[in-house]
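An overview of the molecular structure
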Amino acid sequence: MTGTDEQRRENRLTGRIDGALHLLDRQLLDCEGRMLGKVDDVELTRVGDDLAITGVLTGAAALLPRLGGSLGGALTRKWAELRISEPHRTRPWRIDMSEVDRLDSAVHLSVRRDGVLRRDRDAHRLGRLTGMDVLDPDGERIGRVLDARFEPGPDGTLVLRSVIVGHGRPGSLLGYDRRGDQGPWLVRTVVCRLHRHSAIVGVAASDISWDEGTVRLRERPREAPGHPLD
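Since we're looking at a predicted model, the values are computed, not measured.

Moving on, we get to the pattern of salt bridges. Throughout the structure, instances matching the rule amount to 23 salt bridges. Here Arg 102 ties to Asp 101 by a salt bridge, and the two come within 3.4 Å at their closest N and O atoms. With its nearest N and O atoms 3.6 Å apart, the salt bridge here joins Arg 102 to Asp 104. By sharing partners, the salt bridges in this structure join Glu 43, Arg 94, Asp 96, Glu 99, Arg 118, Asp 120 and Arg 121 into a single network.

As structure tokens, this is what we get:
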């Protein structure tokens, strides 16, 4: 099998992924290989008792809020004011996951890009979850959400199962803390040392408050027994 054939067969959506590491900032390609932007955020929707990935988001309205704090809010408001006559301008363009074919180094769609982008709703976002303060059962801050881990449910939908908690040192979104083969060796060793107190917390043992921007744990997390985080 050639390298090209192997790339076509690869599909991370069939297994466990870390949302920020594997989805954010990936190029969006339609079924003909034409570009239509990149993944600026990920849509999360409550499906029964689970929080699932239901779409990928693109455009300034998805990207600017990821900057967080007063800067992200100010830029988002300024973006809306640039064309106040445009309906739902602060809603990001979204592509439903039913139109996503596979994920490798890019996000590949099963449809053509023409007319695929919609602003039909707003929902929770991965970019809002990452960066949330993580509180222990006593309400003390112990870190922040560095990433969110998803696994396929019975119907193949990617469901949130756990969050990676740490102190947000450099390397959090580069994969050095989660991939043993990420190189170079020296950089990987240093980053893993910096992330030695990172932990994985199951969402079943935590409460996410979207209004307060916090994740409160019902029990103290155990540090990951070595790296990469798995």
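Next comes the rest of the write-up.
In this section: the nonpolar core. Counting residues in each nonpolar core, the largest one holds 36 residues, and the members touching the most others are Val 42, Leu 44, Ile 53, Val 107, Leu 129 and Phe 150. Taken together, the elements giving at least two residues each to this core come down to β4 (41-47), β5 (50-58), β7 (100-103), β8 (106-109), α5 (126-129), β11 (141-152), β12 (158-166) and β15 (214-217).

Looking now at the side chain of Arg 94. Relative to the helices and strands, Arg 94 is located in strand β6 (residues 93-96). A distance of 3.1 Å separates polar atoms of two side chains, one belonging to Arg 94 and the other to Asp 96.

Quick look at a nonpolar patch on the surface now. On the surface, a nonpolar cluster with roughly 260 Å² of combined accessible area is contributed by Leu 67, Leu 71 and Leu 75. Note on placement: Leu 71 falls in helix α4 (residues 69-81).

All right, on to the packing of aromatic side chains then. Using the criterion set out here, one finds zero aromatic pairs in the structure. Lying across the ring of Trp 93, Arg 119 places its NZ or CZ 4.2 Å from the centre.

This part covers the pairing of β11. Note that strand β1 (residues 17-18) and β11 share two bridges and pair antiparallel. Following the sheet pairing, Asp 18 is matched in β11 by Arg 149. Note: strand β10 (residues 133-135) against β11, three bridges, orientation antiparallel. Directly across from Asp 133, in β11, lies its bridge partner Arg 144. Where β10 folds back onto β11 in an antiparallel hairpin, the turn is made up of five residues, including Gly 139, whose phi is positive at roughly 90 degrees. Where β11 lies against β12, eight bridges are found, and the strand directions are antiparallel. By the bridge assignment, Ala 148 is partnered in β12 with Val 163. Once β11 ends, the chain turns through five residues before running back antiparallel as β12, passing Gly 156 with a positive phi of about 90 degrees.

Mapped onto the elements, Pro 137 comes out in the loop between β10 and β11. On the accessibility criterion, Pro 137 (32% relative accessible area) is partly exposed. Along the primary structure Pro 137 and Arg 218 are separated by 81 residues, whereas in three dimensions their C-alpha atoms are 5.2 Å apart. Discounting chain neighbours no more than four positions away, the residues touching Pro 137 are Arg 216, Leu 217, Arg 218, Glu 219 and Arg 220.

Of all residues in the protein chain, 79% attain a pLDDT of 70 or more, and the chain-wide mean is 83. Contacts for the low-pLDDT stretch residues 224-228, under 50 throughout, to residues beyond four places or in other chains number 11 contacts.

Taking strand neighbours across the sheet as the criterion, the four strands line up as β3-β2-β8-β7 in an open arrangement whose pairing is mixed. Looking at the sheet topology across the chains shown, the edges are occupied by β3 (35-38) and β7. The average undirected angle you get between the axes of adjacent strands in this sheet is 25 degrees. Taken together, the three bridges between strand β2 (residues 27-29) and β8 define a ladder with parallel strand orientation. The residue of β8 that forms the bridge with Leu 29 is His 108.

What follows deals with unusual backbone geometry. Of note in this structure, Asp 25 is not a glycine but carries a positive phi near 70 degrees. Locating Asp 25 in the fold gives a position in the loop between α2 (19-22) and β2.

Thresholds, definitions, all that
Residues numbered from 1 in each chain as written. Predicted model: local features only at pLDDT ≥ 70, side-chain atom pairs only at ≥ 80, totals over all residues. Heavy atoms only, no water. Salt bridge = Lys/Arg side-chain N within 4 Å of Asp/Glu carboxyl O. Core = buried A, V, L, I, M, F, W, Y, C linked by side-chain atoms within 4.5 Å. Buried < 20%, exposed > 50% of the residue type's maximum accessible area, 1.4 Å probe, protein only. Helix = DSSP H or I, 4+ residues; strand = E, 2+ residues; numbered from the N terminus. Polar contact = N/O pair within 3.5 Å; in protein donor to acceptor, adjacent residues only side chain to side chain. Patch = residues over 30% accessible without salt bridge, like charges linked within 9 Å, V, L, I, M, F, W, Y side chains within 5 Å. Areas by Shrake-Rupley, 256 points an atom, 1.4 Å probe, with all protein chains shown as cover. Phe/Tyr/Trp six-rings, centres within 6.5 Å; stacked < 30°, edge-to-face > 60°. Lys NZ or Arg CZ within 6 Å of the ring centre and 35° of its normal. Pairing = 2+ DSSP bridges. Contact = heavy atoms within 4.5 Å. pLDDT = per-residue confidence, 0-100. Axes fitted to C-alpha atoms, helices over the stretch in contact; angles between N-to-C directions.

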